[in-house]
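# Coordinates in review
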Amino acid sequence: MKTKIKGSIFNRFTPSQILVTGFAGLILFGAVLLSLPLSSAAGEPTNFIDALFTATSAVCVTGLVVVDTGTYYSTFGQIVILLLIQIGGLGFMTMGTLFALLLGKRISLRERLVMKEAYNKMSIEGVVRLAKAVLAITFLIEGIAALILGFRFAGEFGLARGMYYGLFHSVSAFNNAGFDLLGDFRSLTGFTSDIPVNLVISVLVILGGLGFSVAVDILSKRKWRAFSLHTKIVISTTAILLAAGMAGVFLLEFNNAATMKGLPLQAKLMASWFQGMTPRTAGFNTLDIAGLRNATQFLIIIFMFIGASPGSTGGGVKTSTFAALVMAVIAMVRGKEDVEMFGRRLPRDIVQRSLTIIASSIVFVILITMLLTITEQAEFLAVLFEATSAFGTVGLSMGLTAKLTLLGKLVIIFTMYAGRLGPLTIAFALAQRSRKALYHLAEEKIMVG
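We now turn to the structure provided with this report. (Residues numbered from 1 in each chain as written. Predicted model: local features only at pLDDT ≥ 70, side-chain atom pairs only at ≥ 80, totals over all residues. Heavy atoms only, no water.)

Attention now moves to helix H10 (residues 195-210). With 16 residues, H10 should reach 22 Å at 1.5 Å per residue; the first-to-last C-alpha distance of 22 Å fits that figure. Turning to H10, its buried residues are Val-197, Asn-198, Val-200, Ile-201, Ser-202, Leu-204, Val-205, Gly-208, Gly-209 and Leu-210. Near the N-terminus of H10, the side chain that reaches the backbone nitrogen of Val-197, with its oxygen 3.0 Å away, is that of Asp-194. The first or second residue beyond H10 is Gly-211, which carries a positive phi of 105 degrees. (Helix = DSSP H or I, 4+ residues; strand = E, 2+ residues; numbered from the N terminus. Expected span 1.5 Å × (residues − 1). Buried < 20%, exposed > 50% of the residue type's maximum accessible area, 1.4 Å probe, protein only. Polar contact = N/O pair within 3.5 Å; in protein donor to acceptor, adjacent residues only side chain to side chain.)

Dropping the structure here:
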């Protein structure tokens, strides 16, 4: 009887509701742990709102912080943050699947439905195989990167601390979280021209942002012709955005005395690459964000809004969503009815969902920006930057995060949470709940444009 009651309560929730409540529960649990005296370096309790902010940022793999992670939190607190990043990035259902497999437990149909929602898949077919692949890929990549970064950091911080730093930053980068332990809110500004750190972090961020289904597709098929349309769109859009980001930062910041003017050409190219790449929801920076030109800051806002790819550890409206809308505009300008990409036609409902996601996301960011202009005393661009960074779960900031008021912190907490779950749940709500109309109203045209 007890099992039956438990199952009936569980079945009352839709997969989307389970994801929403699951993430909320994980955030609250993390906030309680981070508020304990054991979690702070000073051995004192942390203000619960600050602990909640940090836990939300970690679970939502954002990277915005109101206190410095490297100096404020103890080793215990940092490990809590590390675990929250890993669980939040992969999804609590993926971690639950890991424990279920270790215990020999069978994955139920209900759990497969929630996993389908979490991975942004259209059916439950192969979700358990995908979960296994996700775990294997993640731990392999993070392990290799942790060793490389660990030996690099060991030269400056000693072997034990260097290996710990390597593990933390590897997990943070692959999950597109942007948390660092280097102290004083510096992020990676001390490694602007460091080739190993820049390349390893870049590779981790890009791989984590491609999406696990894309990674599996690449590993299993290995030929461009055999890739699915989704994989082709994600790879090509990602490559274009990375190239545009690097070129934009290089051209705009080349002679900026506050950022790159004094650097040699090789360091400028490295800094341009990294800073053009990291708005893809990573949150690390090798250049002072506040010192960038306004044009560069606005360019980063655009990239933060687009974000990573579906089913990845990143946020934003997603690359494939952006690509679908761009191609729809091009098709409209050319007078074509069909939206075509790589010799395939996109279904009309996909284009409509892309438009819905982007339009609703723009409205959401506008509303959050307006709220922050009321609660915070800051320049408009800094406020817009903060709102977009939180929504895209990026973690970059022009310095506003540490100065947020209580209301501002609550607004950003909600924004990070909605940004991590919003576009995904909206897309699947539209896909699963669409029903054929029983009748159609009379059609009448209006003037637009």
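Let us keep going from here.
The subject of this paragraph is unusual backbone geometry. The phi angle at Arg-222 is positive, at roughly 65 degrees, despite the residue not being glycine. Of note, Arg-222 is situated in the loop between helix H11 (212-221) and helix H12 (229-253). The exposure class of Arg-222 is exposed, given its relative accessible area of 69%. Of note in this structure, Lys-318 is not a glycine but carries a positive phi near 90 degrees. Relative to the helices and strands, Lys-318 resides in the loop between helix H14 (294-306) and helix H15 (319-333).

This paragraph deals with the environment of Leu-325. Tracing the backbone through its elements, the reader meets Leu-325 in helix H15. Separated by 14 residues in sequence, Leu-325 and Val-339 have C-alpha atoms that sit 9.2 Å apart. In contact with Leu-325, other than residues within four places in its own chain, are Leu-355 and Ile-358. (Contact = heavy atoms within 4.5 Å.)

Along an α-helix, a turn takes 3.6 residues, which lines up residues three or four apart on a common side. Between its first and last C-alpha atoms helix H5 (residues 75-90) spans 23 Å; for 16 residues at 1.5 Å apiece the expected length is 22 Å, and the two agree. All of the buried residues in H5 are Gly-77, Gln-78, Val-80, Ile-81, Leu-82, Leu-84, Ile-85, Gln-86, Gly-88, Gly-89 and Leu-90.

Here the focus is the packing of aromatic side chains. Within this structure, the stated rule accounts for 12 aromatic pairs. Here Phe-250 and Phe-254 contribute two aromatic rings whose centre-to-centre distance is 5.2 Å and whose plane-to-plane angle is 65 degrees, an arrangement assigned as edge-to-face. Through a chain of ring-to-ring contacts, the aromatic side chains of Phe-153, Phe-157, Tyr-164, Tyr-165 and Phe-191 assemble into a single cluster. The residue whose ring lies beneath Lys-268 is Phe-254, and the NZ or CZ to ring-centre distance is 3.6 Å. (Phe/Tyr/Trp six-rings, centres within 6.5 Å; stacked < 30°, edge-to-face > 60°. Lys NZ or Arg CZ within 6 Å of the ring centre and 35° of its normal.)

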